[in-house]
Amino acid sequence: MNNRENQLESIEASWLAGIIEGDGFISVCVYKSPKSQLRYCPKAVIGVTNQDMLIINHVDNLTRKIGVVMNINEHTTPKGLPITLIATSKMINVKKIID
């Protein structure tokens, strides 16, 4: 990233890496594509699940700082507890977060 405004401080990048490693995921899925000549296409996904909205909001703020807008969805665990997922599957966004 060339623009200083679009960079995270070292401590912010470390926190984000830690929360992704601890409560998140980086994965590659294969999905059926109606638009592609190939029947199936790979898709990279990066996200974090947590019950604490302060953590979800902090992930959102940090990723927005580097120009990434992630989707936020609320779910219920099998035990009936609320949980929130923040994730993106846009390759350009996944690359920005990994970089």
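Remember, it's a predicted structure, so these values are computed and weren't measured experimentally. In every chain, residue numbers begin from 1 and rise along the written sequence. Note on the predicted model: pLDDT of at least 70 is required for a residue's local features to be given, and 80 or more for side-chain atom pairs to be given and counted; whole-chain, interface and lining totals, by contrast, use all residues. Hydrogens and waters are ignored; side-chain quantities use all the structure's heavy atoms.

Along the chain, pLDDT gives the predictor's confidence residue by residue, from 0 to 100. Taken as a whole, the chain shows an average pLDDT of 90; of its residues, 93% reach a score of 70 or greater. Comment: elements are numbered from the N terminus, with helices defined as DSSP H or I runs of at least four residues and strands as E runs of at least two. Element-level pLDDT for the chain is lowest in strand 1 (residues 24-32), with a mean of 88, against a maximum mean of 97 in helix 2 (residues 53-65).

What follows concerns the layout of surface pockets. Roughly 200 Å³ of volume is contained in the largest pocket. Put simply, the grid is 1 Å and covers the protein atoms alone, a cavity is a trapped set of points that fit a 1.4 Å probe, a pocket is an open set with protein on both sides within 12 Å along at least five of seven lines, and lining residues have an atom within 4 Å of a point. Taken together, 14 residues form the lining of the largest pocket, with L8, A13, K96, I97 and D99 sitting closest to its centre. Mapped onto the lining of the largest pocket, the elements with two or more residues apiece are helix 1 (10-23) and helix 3 (91-98). Ranked by residues supplied to the lining of the largest pocket, first place goes to helix 1 with four residues. Classification convention: Asp, Glu, Lys, Arg as charged; Ala, Val, Leu, Ile, Met, Phe, Trp, Tyr, Cys, Pro as nonpolar; all other residues, Gly among them, as polar. A class-by-class count of the residues in the lining of the largest pocket yields 11 nonpolar, one polar and two charged. Grid points are joined across faces, edges and corners, and a volume is the space filled by probe spheres set on the points.

Whether two strands pair comes down to DSSP finding at least two bridges between them. Two strands pair when backbone bridges link them, and strand 1 and strand 2 (residues 40-50) are joined in this way by nine bridges, in the antiparallel orientation. The residue of strand 2 that forms the bridge with K32 is Y40.

To continue, consider empty space enclosed by the protein. Here the idea is plain: a probe the size of a water molecule rolls over the atoms and shows the empty space left. Taken as a whole and assessed by the stated rule, the structure comprises one cavity of 30 Å³ or more. Size it by volume and the largest cavity reaches roughly 30 Å³. What lines the largest cavity is L16, I20, I46, G47, V48, V59, T63 and M70. Taken together, the elements giving at least two residues each to the lining of the largest cavity come down to helix 1, strand 2 and helix 2.

The next subject is the pattern of salt bridges. Salt bridges are identified by distance alone: a Lys or Arg side-chain nitrogen within 4 Å of an Asp or Glu carboxyl oxygen. One pass over the structure, following the stated rule, counts three salt bridges. A salt bridge links K65 to E12; its shortest N-O distance comes to 2.9 Å. Taken as a pair, K65 in helix 2 and E12 in helix 1 lie far apart in primary sequence, 53 residues in all. Overall, K65 belongs to the partly exposed group, its relative accessible area being 31%. Whether a residue is buried, partly exposed or exposed follows from its accessible area with a 1.4 Å probe, protein chains only, as a fraction of its type maximum: under 20%, in between, or over 50%, in that order.

Time to look at the nonpolar core. Counting 16 residues, the largest nonpolar core has L16, I20, V59 and I97 as the members making the most contacts within it. Counting only elements with at least two residues in this core, the list comes to helix 1, strand 2, helix 2 and helix 3. Apart from the residues within four sequence positions on either side, I20 is in contact with F25, I26, I46, V48 and I97. In this description, a nonpolar core means a group of buried Ala, Val, Leu, Ile, Met, Phe, Trp, Tyr and Cys residues linked to one another through side-chain atoms lying within 4.5 Å. Between two residues, a contact is recorded if the distance between any of their heavy atoms is within 4.5 Å.

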